[in-house]
Amino acid sequence: MSHEPGIQSDAFRRAALQSERFRVTGMLIVLGGTVLIILLRALFSANPAESWFLPKALLFGVVAVIYEGVMFRLVSRKIREGQDFPRRFWGMNLFIETLIPTGFLFLLTESPYFGPYRALVAPAVLTYFLFMILST
């Protein structure tokens, strides 16, 4: 049992970790879909912005998928061991996950083809809502 305030139930802690595992699975699906869409748009587009954006976005997307994959393994291991993460771990995870769509937006604003105003209406902005829904 953890010594932190809150619900001190093993069953609740296990259910919360299983819910976290489902959430991370959702994040992996969203990120995988995002990387696939970026790749398909770049392959079938003649726009020079896509070829500029592709390597950076793919690298960033793959790093995000790797991070979520590591989270999936960590959560699965904690479920098997019957342990929980410290409270500060969840805050750090939330911070890192909100950096993912922010990083995509920074990549777009850095592009000479998009600029800061066009980046605000890019599909990357929609991922904020998905990440918020999956993080509650």
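These figures come from a predicted structure and were not determined experimentally. (Residues numbered from 1 in each chain as written. Predicted model: local features only at pLDDT ≥ 70, side-chain atom pairs only at ≥ 80, totals over all residues. Heavy atoms only, no water.)

Before going further, it helps to examine a nonpolar patch on the surface. A contiguous nonpolar patch, built from Leu36, Leu39, Leu40, Leu43 and Phe44 and spanning about 530 Å² of accessible area, is present on the exposed surface. Here Leu39 lies in helix H1 (residues 10-44). (Patch = residues over 30% accessible without salt bridge, like charges linked within 9 Å, V, L, I, M, F, W, Y side chains within 5 Å. Areas by Shrake-Rupley, 256 points an atom, 1.4 Å probe, with all protein chains shown as cover. Salt bridge = Lys/Arg side-chain N within 4 Å of Asp/Glu carboxyl O. Helix = DSSP H or I, 4+ residues; strand = E, 2+ residues; numbered from the N terminus.)

Its 24 residues give helix H3 (residues 87-110) an end-to-end C-alpha distance of 35 Å, which sits within 8% of 34 Å, the value for a rise of 1.5 Å per residue. The principal kink in H3, of about 30 degrees, is found at Ile100, preceding the proline Pro101 by one to four residues. Where H3 is concerned, the buried positions are Phe89, Asn93, Glu97, Ile100, Pro101, Gly103, Phe104, Leu105, Leu107 and Leu108. (Expected span 1.5 Å × (residues − 1). Bend = angle between axes of the 7 residues up to and from the residue. Buried < 20%, exposed > 50% of the residue type's maximum accessible area, 1.4 Å probe, protein only.)

A few words on the packing of aromatic side chains. All chains considered together, the criterion is met by three aromatic pairs. Relative to Phe89, the ring of Phe85 has its centre 4.2 Å away and its plane inclined at 10 degrees; by these criteria the two rings are stacked. Taking the centre distance of 5.4 Å and the plane angle of 75 degrees together, the rings of Phe89 and Trp90 count as edge-to-face. Given the relative accessible area of 15%, Phe89 is considered buried. A relative accessible area of 26% places Trp90 in the partly exposed class. (Phe/Tyr/Trp six-rings, centres within 6.5 Å; stacked < 30°, edge-to-face > 60°.)

Let us look at the pattern of salt bridges. The tally for this structure, following the rule as stated, stands at three salt bridges. When the shortest N-O distance is used, the salt bridge between Arg13 and Asp10 registers 2.6 Å. Taken together, the residues Arg13 and Asp10, both in helix H1 and three residues apart, mark about one turn of the helix. Glu97 serves as the salt-bridge partner of Arg23, at 2.8 Å between the closest nitrogen and oxygen. With Arg23 in helix H1 and Glu97 in helix H3, the pair connects residues that are 74 residues apart, well separated along the chain. The same class applies to Arg23 and to Glu97, which are both buried. Taken together, the shared-partner salt bridges in this structure form one network comprising Glu20, Arg23 and Glu97.

Turning next to the packing of H1 against H3. Direction vectors running N to C along H1 and H3 enclose 15 degrees, while the axes themselves pass 13 Å from each other. With respect to their mutual orientation, H1 and H3 come out roughly parallel. In terms of crossing hand, the pair formed by H1 and H3 is left-handed. Residues Leu17, Glu20, Arg23, Met27, Leu31, Thr34 and Ile38 of H1 lie in contact with H3, whose contacting residues are Trp90, Asn93, Glu97, Ile100 and Phe104. Here the residues of the contact of H1 with H3 sort into seven nonpolar, two polar and three charged. (Axes fitted to C-alpha atoms, helices over the stretch in contact; angles between N-to-C directions. Parallel < 35°, antiparallel > 145°, perpendicular 65-115°, else oblique. Left-handed = near helix turned anticlockwise from the far one by under 90°. Contact = heavy atoms within 4.5 Å. Nonpolar A, V, L, I, M, F, W, Y, C, P; charged D, E, K, R; others polar.)

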